[in-house]
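An overview of the molecular structure
So the chains spell out like this:
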Amino acid sequence: MDVLWNFNKEGPKKLAEAKEVYEVAKWFIEEKGFKPADDYVVKKYKKLVDLFGKPYKFTITLKLTVKDPNVVPSWKELKSELCNFFYERGLLAELREDGKGLFSFFNKPLP
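An account of the accompanying structure is given in this report.

What counts and how
Just so you know, the residues in each chain are numbered from 1, in the order the chain's sequence is written. In keeping with the model being predicted, local features are shown solely for residues with a pLDDT of at least 70 and side-chain atom pairs are shown and tallied solely at 80 or more, while totals for entire chains, interfaces and linings include all residues. Derived side-chain values reflect all non-hydrogen atoms in the structure, with water molecules and hydrogen atoms excluded from consideration. Only buried Ala, Val, Leu, Ile, Met, Phe, Trp, Tyr and Cys residues count toward a nonpolar core, and they belong to the same one when joined by side-chain atoms within 4.5 Å. Exposed residues in this analysis have more than 50% of their type's maximum accessible area, buried residues have under 20%, and partly exposed residues fall in between, with area computed by a 1.4 Å probe over protein chains only. By the convention used here, residues are in contact when the closest approach between their heavy atoms is within 4.5 Å. A pair of Phe, Tyr and Trp rings is counted when the ring centres sit within 6.5 Å of each other, with Trp represented by its six-membered ring. The angle between the planes then sorts it: under 30 degrees is stacked, over 60 is edge-to-face, the rest tilted. Note on conventions: DSSP H or I runs of at least 4 residues are helices, E runs of at least 2 residues are strands, and numbering of each starts at the N terminus. Here, a salt bridge means any side-chain nitrogen of Lys or Arg that lies within 4 Å of a carboxyl oxygen of Asp or Glu.

1. Observations regarding the nonpolar core
- Core analysis: the largest hydrophobic core is formed by nine residues, namely Ala 18, Tyr 22, Ala 25, Ile 29, Tyr 45, Leu 48, Val 49, Phe 52 and Tyr 87.
- Beyond its immediate sequence surroundings of up to four residues, Ala 25 is in contact with Tyr 45 and Leu 48.

2. Notes on the packing of aromatic side chains
- One pass over the full model with this rule turns up four aromatic pairs.
- Between the aromatic rings of Trp 27 and Phe 28, the centroid separation amounts to 5.0 Å while the plane-to-plane angle is 70 degrees, which identifies the pairing as edge-to-face.
- Judged by centre distance (5.3 Å) and plane angle (80 degrees), the ring pair of Phe 85 and Phe 86 falls under edge-to-face.
- Members of the aromatic cluster, connected to one another through ring pairs, are Trp 27, Phe 28 and Phe 34.

3. Re the environment of Leu 91
- Here Leu 91 lies in the segment after helix H4 (75-87).
- Residue Leu 91 is classed as partly exposed on the basis of its relative accessible area of 33%.
- On a C-alpha basis, the gap between Leu 91 and Lys 46 in space is 9.2 Å, while along the polypeptide they are 45 residues apart.
- When residues no more than four places from it in sequence are discounted, the contact partners of Leu 91 are Phe 58 and Phe 86.

4. With respect to the pattern of salt bridges
- This model, assessed by the stated rule, comprises five salt bridges.
- Glu 88 serves as the salt-bridge partner of Lys 35, at 3.5 Å between the closest nitrogen and oxygen. Linking Lys 35 in the loop between helix H2 (15-31) and helix H3 (39-52) with Glu 88 in the segment after H4, this pair joins segments that are 53 residues apart in sequence.
- The class of Glu 88 is exposed, set by a relative accessible area of 55%.
- Asp 50 is paired through a salt bridge with Lys 46; the nearest N and O atoms lie 2.8 Å apart.

As structure tokens, this is what we get:
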């Protein structure tokens with residue numbers, strides 16, 4: 001729900017105001033063809049769609065293995081490319097890092 005409270009200092013006074021934020025974002029993205037700037041914007045827009053758009057949702061899990069570390073993009077680049085890949089196919093993706101394990105902060109997702 002944080003997407004509703006971060007668009008101005010006071011937040012929406014009514015759910016109808018929050019729906020207006022969704023409608024404006026949807027108009028820019030779907031009608032005018034604007035593309036979200038990065039995966040952060042996609043994530044926030046996805047939350048609005050989840051709240052107001054009645055989407056069909058599903059979860060997929062990818063297990064990646066580094067075959068050639070010389071051509072592997074940075075984690076930030078990979079997330080951006082994957083978000084764009086799904087977005088161009090009509091899907092909004094939220095990519096999360098696996099935070100399991102006591103010392104998981106020592107593990108980098110990519111070299």
